[in-house]
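Coordinates in review
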Amino acid sequence: MYTQIVIVGAGPAGLSLARALSSSGARIILVDTQQLTALSDPSFDGREIALTHQSISDLEQLGVWDRIDAKEVFTLREAQIYDGKSPYALRYGPGEIDGQLGCMVSNCTIRKAAYEAVKVLENVEVLAGAKVVSLEVGKRSVRITLSDGKDISAALLIGADSRFSFVRDQLGIGAEMNRLGKAMLVGRVKIGSWHDDIATEWFDHGQTLALLPLGDGVASAVLTLPESEAATLQKLKAEALGQELQRRYRGRFGTMTPLSPLHSYPLTTTYSKRFVAHRAALIGDAAVGMHPVTAHGFNLGLASVRHLSEEILPILERGGDPANPAALARYERRHRRESRPIYLATNSIVGLYTDDRPPARIARRVSLRLAQLLPARKAVQRMLMKPARERTRLRRSVISSKLRLGR
Ligand SMILES: Cc1cc2nc3c(=O)[nH]c(=O)nc-3n(C[C@H](O)[C@H](O)[C@H](O)COP(=O)(O)OP(=O)(O)OC[C@H]3O[C@@H](n4cnc5c(N)ncnc54)[C@H](O)[C@@H]3O)c2cc1C
């Protein structure tokens, strides 16, 4: 089988790229190991994604945003980071649009909307339940082989197959990889007191806690713990879990009642040494696998879609080769320029706040008070609060009304 573009991974990044390139009329095949039912109606996975205004604008242009029910969109006004019991907070926001930093939408809702935006496209085919088991790069095309023995040849191969990308490995591209030995537990909870639409994060001794606002009386509890402790917590029954959460959050939000089981994500950050190779490019987590603490993973994934599609869409529209080396090199430079500072800044925040040795504790107390001077804070702030480019008045009002309805 021959196609112009084959995308390995129909996660939110792969689906978004297929949608972005589809307007050229190019034939695109998406391949994913997951079955069709899991792609078309993904189950709740605990992840609540904080979207920036730029990402909302991107999703709107991709025809994904309008497929998300306004009731599933929650206001995010501000983010605050605390160190243990210290009253000083590192603050981000409120943002410049309607005083909002962005909004919260669950990962499964984004995936479902992105799949629906792709399934209506005649020139895009989704091959579900298909695992890529090998690939071969030739001068004029790339050939991938699926677990059922089928071959697909394409002019351009896209790796959108997660931070543990098989495509990246097969292309011989290395990656910085930090296994942190901790797991992030996430789940919905009913809370007894109002969160004020503020995302709050506490770096405590031996644990990091966060509470993400999901409208009236509901929030996402996020706990980063050593893997063994996370496994123990995951086994608790609902009532015992509620009490344990209340104890760990020191009663700040009153009674906490679990509304979903806790989902566990072992924490590993990755950064690919290169984002492109001959006839291939990496996007989404396959390019940059962020620590979730600064909520930038999918926001950067959408940035990779924007950067790559802006380079190759004009070429496709002229009937040219989408694997044009100069265009791929420009994508690499642009995406590295945007992602590298935020990746390093996030890692330095994680390093500073999760080190419980006395010198680190003193350093973070000082840094919280001098927060405005921290380069890391500035890098995160730039990404979080950057308004969307070329936003029209119409788009601004659509986004604002969804945010208002969502609350
Ligand atoms: C707890 C948590 C909270 C987060 N919060 C935020 C947030 O607030 N804001 C934010 O921006 N980001 C956040 N993120 C990050 C965000 O979830 C990810 O960046 C995003 O889901 C990555 O999308 P992706 O499409 O690149 O990869 P994935 O979602 O990992 O999709 C990869 C796809 O590739 C498929 N695949 C893999 N290997 C193969 C193969 N060999 N053959 C075929 N298919 C294959 C998989 O089945 C999968 O469908 C969070 C992450 C976590 C874990």
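Okay, so let's go over this structure. As the structure is a prediction and not an experimental result, all values here were calculated from the model.

Take the overall build of the protein next. Within the protein, the secondary structure is distributed over 12 helices and 20 strands. Across the 407 residues that make up the protein, the buried fraction comes to 58%. In the form shown here, the protein has an accessible surface area of approximately 17,000 Å², with 52% of it arising from carbon and sulfur atoms.

Taken together, 32 residues lie around the ligand, and D32, A50, D285, F298 and N299 are the ones closest in. For the ligand, whose unbound accessible area comes to 1,000 Å², protein coverage reaches 90%. Tallied by class, the residues present in the shell around the ligand amount to 15 nonpolar, 10 polar and seven charged.

As a further point, take the nonpolar core. If you look at the biggest cluster of nonpolar residues, it comprises 79 residues, and the most contacted ones within it are V31, L51, I144 and L157. For this core, the leading source of residues is helix α8 (residues 297-317), giving nine residues. The contacts of I144, once residues within four sequence positions are left out, are V6, V8, V31, V132, S134, L135, K150, D151, I152 and L157.

In this section: the pairing of strand β1 (residues 2-8). Most of β1 is tucked away, with five of its seven residues classed as buried. As defined by bridge partners, β1 adjoins strand β11 (residues 151-159) across six bridges and the pair is classed as parallel. When the bridges of β11 are listed, I5 appears paired with L156. In terms of strand pairing, β1 meets strand β2 (residues 28-31) through four bridges, oriented parallel. Opposite I5, over in β2, you have I28 as the bridge partner. Taken together, β1, helix α1 (residues 12-22) and β2 constitute a β-α-β crossover, and its handedness is right-handed.

Conventions we followed
Each chain carries its own residue numbering, running from 1 in the direction its sequence is written. For this predicted model, a pLDDT threshold of at least 70 governs which residues receive local features, and a threshold of 80 or more governs which side-chain atom pairs are given and counted, while totals over whole chains, interfaces and linings are taken from all residues. Values shown for side chains rest on all heavy atoms present in the structure; no hydrogens or waters enter the calculation. Here a strand is any run of E in DSSP of at least two residues, a helix any run of H or I of at least four, and the numbering for each starts at the N terminus. The buried label applies to any residue whose accessible area, calculated with a 1.4 Å probe on protein chains only, is under 20% of its type's maximum; exposed applies above 50%, and partly exposed to all values in between. For the accessible areas, the method is Shrake-Rupley and the probe is 1.4 Å, while residue cover comes only from the protein chains on display. Note on definitions. A residue lies near a molecule or strand when any single heavy atom of the residue is within 4 Å of it. For this classification, the nonpolar set comprises Ala, Val, Leu, Ile, Met, Phe, Trp, Tyr, Cys and Pro, the charged set comprises Asp, Glu, Lys and Arg, and every other residue, Gly included, is treated as polar. Buried Ala, Val, Leu, Ile, Met, Phe, Trp, Tyr and Cys residues form a nonpolar core when they are joined through side-chain atoms within 4.5 Å. By definition in these notes, contact holds between two residues if any of their heavy atoms fall within 4.5 Å. Here a strand pair is declared whenever DSSP counts at least two bridges between the two strands. Looking down the strands as they point away from you, a crossover is right-handed if its path from the first strand over the helix to the second goes clockwise.

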